[in-house]
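Chain by chain, the residues:
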Amino acid sequence: MSADFRGAQIPPTAPTSVEPHRNTPSASGHAVRLKTLVIGLGNPLVRDDSVGLRVVKHLEQLLPAEANVDVTEDYWGGLRLMERMIGYDRAIVVDAICTGAPAGTITVLGPHDLATQKSASAHDVTLPTALAFGRQAGAHLPPDDAIQLVGIEAEDILTFSEECTPQVAAAIPRAARLVMSLLESHGANDP
Amino acid sequence: MKRVSIDPITRLEGHGKIDIFLNDDGDVANAYLQIPELRGFEKFCQGRLAEDMPNLTARICGVCPEAHHMAATKALDNVFHVDPPPTAKKLRELFYNIFFATDHTTHFYALGGPDFVVGPQAPKAERNILGVIAKVGMDIAGKVLKMRRDGHHLIKMMGGRAVHPNWGLPGGVSRGITEEQRQEIEKLGRDAIEFAKFSVQLFHDLVLGNTEYVNLIKSDAFTHQTYNMGTVDENNHVNFYDGKIRVVGPDGKEKFKYDSQDYRQFVAERVEPWSYLKFPYLKQVGWKGFVDGIDSGVYKATPLSRLNAADGMATPLAQAEYERFYATLGGKPVNPTLATHWARLIELTYAAENWVRLATDPEITGSEYRRLPTETPTEGVGCVEAPRGTLTHHYATDERGILTRVNLIVGTTNNNAPICMSVKKAAQGLIKKGQVSDGLLNMVEMAFRAYDPCFGCATHSLPGQMPLEIRLRNAQGDLVGRLSQHLT
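Because the structure is predicted, anything quoted here is derived from the model rather than measured.

Rules used throughout
Residues numbered from 1 in each chain as written. Chains lettered and ligands numbered in written order. Predicted model: local features only at pLDDT ≥ 70, side-chain atom pairs only at ≥ 80, totals over all residues. Heavy atoms only, no water. pLDDT = per-residue confidence, 0-100. Helix = DSSP H or I, 4+ residues; strand = E, 2+ residues; numbered from the N terminus. Contact = heavy atoms within 4.5 Å. Phe/Tyr/Trp six-rings, centres within 6.5 Å; stacked < 30°, edge-to-face > 60°. Buried < 20%, exposed > 50% of the residue type's maximum accessible area, 1.4 Å probe, protein only. Core = buried A, V, L, I, M, F, W, Y, C linked by side-chain atoms within 4.5 Å. Pairing = 2+ DSSP bridges. Salt bridge = Lys/Arg side-chain N within 4 Å of Asp/Glu carboxyl O.

S.K.: Even after reading the chapter, I still don't get the confidence of the model for chain A, so can you show me in this structure?
M.R.: Caution applies to low-pLDDT regions: their predicted coordinates should not be interpreted in detail. All names here are of chain A. On average, residues of chain A score 79 in pLDDT, and 74% of them reach the 70 mark or higher. Ranking the elements of chain A by mean pLDDT puts strand β1 (residues 9-10) last with 66 and helix α4 (residues 166-184) first with 96. Across residues 15-31, where pLDDT falls below 50, the model places 30 contacts with residues more than four positions away in sequence or in other chains. Predicted confidence is poor over residues 115-123, with pLDDT under 50, and the contacts of this stretch with residues over four places away or in other chains come to 58 contacts.

Put into structure tokens, the structure is as follows:
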């Protein structure tokens, strides 16, 4: 049911939009209205670590008022991220990523695509483990194929600063438009 | 000298690695944690308004923003020379105990507990919260989720925000609670007590009922004779929010008891050229290196240390378990690091009981929850017990309240030296003459996980869960071997 951008990498110099795929019509011929969460992860005081928060702020300006989308922020992956997804049919997580790609590269991933996620910390488990735990506890959570991670390659995640590095800052509007494309592919913006 | 690197450590907030140095015989000479530093926080704060610190410092750490928020708020009381009214102090302590109960729940069930509940010999892939569910039953998933949900709900209700609290002010808090809110807090607190009782019973059934596990806890490989630090109330009972800092020796005797404003007279911070992190030690005992004993200034500040540094718990169920703890493990002090997991459950019980005690205090719904500061701001220290150890914030300002100097000693930093010592000891048992035994990764992991460590805790970028990797280096520093495993 999801448009598959998984694994798609958009380098810093590439055109900014991804061709949206419309949501598969339901049996009645109408796009399925999914309760959707977009969540930016990061620390607002650490240079490129804040990029996920900045992307969702930018996204809020792009989203039509009637969009069936909740946009929020958090600072933590794993269990906490899973708990934020409870009650939703679909989730898009926006966060900084460190893979060695050029700073500002945007990558779309699924919850299982990263064997190594920040979400596993001293106080947490991986997102797949957290999702499995939540489902075992009976929580209503998006299925794995309705969870997408939008990663923006960071350059500096160790310095306290309220500004991103230039390449990462330049990726913010592109990433926000990409999230819009992902949302449109599911008809979430349809009134 | 050979060098073994474990890089980076899984389940740590932030990225770190362990270097193990071998001598010419191939035996372990030393082991150190190496942590990338988050640069410039103190400088970042300078020039800002002091009253912004509870909100700024809450963002230092993704694991315990509430602890930083509270330490900063208490520091502001002292910077602005204002004593909060009783209702404000009780509201803060209530909030803080709710946070503590939630945090300890997560550590026990998701992180440290699986080593025991599922078993230290169980396959790595099963030693996680899903393994706990498989062993204990499906009901546990709902219980843990409810405990976390209730805690986060109340923290948001009192603190004003789900993500970071926006509540603490010099002289008090920004809002109180209504009677309706109080009733909800009390009800969920009673549920938390039941959850704590369930958790303690689980530990008794699955861990203490297993001689092998008890022997592992008591084993010398995980034992250190260091000083213990913790905050105590006027009866020398454990307190997370306020009190005097008490330090007891490896012999169990009180060495120091001091006001947190005087911490600099008692704690010094050693800098090592190979580490970004400082190594706090007891100034008046002195730094003798990474060694145990009464002459070494190394101290621990953990749930286990807090129990050792106190004479008891202030609530009945926690006190009863405290007595069982020492009776089972051979009296005070208890030095095996792995006993920290049990100590954490005793603290969970205390936090839940204290939550209800405060929620039923007649003053908790009072309308006087802030006293306005009127004096010129200067300098002050704020101290709380974070789940991982004593947390100290120290600020100095100019006469306008603009920050000129900031110093923080965070919970885990207290334990930097003991963690290195624990890793070294675990490695010594498993690396002989250059040969690395199976299980090194697991044993080293168990050694540091008991501390619930949290380093460089501000970043949140993916990827985060790294493979645990050991690199073996010979005396010349050349790579001679590599071990790694991905952890869930």
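S.K.: Help me understand the packing of aromatic side chains in this model?
M.R.: The description of an aromatic ring pair uses the distance of the two centres, along with the angle that the planes make with each other. Per the counting criterion, the structure on display carries 20 aromatic pairs over all chains. Centre to centre, the rings of F160(A) and F44(B) are 6.1 Å apart; their planes meet at 45°, and the pair counts as tilted. Taken together, the residues F160(A) in the loop between β6 (147-153) and α4 and F44(B) in helix α1 (residues 41-45) connect one chain to another. By the burial criterion, F160(A) is buried, and F44(B) matches it. Judged by centre distance (5.2 Å) and plane angle (90°), the rings of F279(B) and F290(B) are edge-to-face. On the criterion of sequence distance, the pair formed by F279(B) in strand β10 (residues 279-282) and F290(B) in the loop between β10 and β11 (299-300) is long-range, its members being 11 residues apart. Both residues of the pair, F279(B) and F290(B), count as buried. An aromatic cluster of three or more residues is present, and its members are F108(B), Y109(B), F195(B), F203(B), Y322(B), F325(B), Y326(B) and W342(B).

S.K.: Help me understand unusual backbone geometry, please; the structure alone is not making it clear to me.
M.R.: Note: most residues except glycine have negative phi, and most peptide bonds are trans. Residues and elements named next belong to chain B. P333 follows K332 through a cis peptide bond whose omega is -15°. Inspection of the secondary structure puts P333 in the loop between α11 (316-329) and α12 (340-359). Non-glycine residue H81 carries a positive phi angle of around 55°. The residue H81 is located in the loop between α3 (65-79) and α4 (86-117) in this model. Overall, H81 belongs to the partly exposed group, its relative accessible area being 36%. We note that N236 has phi near 60°; this positive angle belongs to a residue other than glycine. By the secondary structure assignment, N236 is in the loop between β6 (227-232) and β7 (244-248).

S.K.: In this structure, what is going on with the nonpolar core? I would like to understand it.
M.R.: Most often, soluble globular proteins keep nonpolar side chains buried together rather than apart. M85(A), I185(B), F325(B) and W355(B) are the most contacted members of the largest nonpolar core, which has 120 residues in total. The biggest single contributor to this core is α4(B), with 14 residues. Residues contacting I185(B), with those up to four places away along its chain left out, are L94(B), I98(B), L154(B), M157(B), M158(B), I177(B), W355(B) and A359(B). Counting residues in hydrophobic clusters, the runner-up holds 29 residues, among them L59(A), L63(A), A67(A) and A96(A).

S.K.: Would you explain the sheet that holds β7(B) in this entry?
M.R.: Strand pairing in a sheet relies on backbone hydrogen bonds. The paired strands run either parallel or antiparallel. Residue and element names in this part refer to chain B. The 4 strands are arranged β8-β7-β6-β11 in an open sheet whose pairing can be described as mixed. Of all the strands in the sheet, just β8 (254-258) and β11 have a single pairing partner and so form its edges. As paired elements, β6 and β11 share 2 bridges and run parallel to each other. Following the sheet pairing, N228 is matched in β11 by K300.

S.K.: What should I look at first to understand the pattern of salt bridges in this one?
M.R.: Oppositely charged side chains may form a pair once their charged atoms are brought near each other. Counted by the stated rule, this structure contains 28 salt bridges over all chains. Residues E73(A) and K57(A) are paired through a salt bridge, measuring 2.9 Å at the closest nitrogen-oxygen approach. Residue E73(A) is found in strand β3 (residues 69-74), and its partner K57(A) is found in helix α1 (residues 51-62); the two are separated by 16 residues along the sequence. Assessed through its relative accessible area of 47%, K57(A) is described here as partly exposed. Among the ionic pairs, D74(A) bridges to R80(A), the shortest N-O distance being 2.8 Å. Taken together, the shared-partner salt bridges connect K146(B), D150(B), K187(B) and D191(B) into one network.

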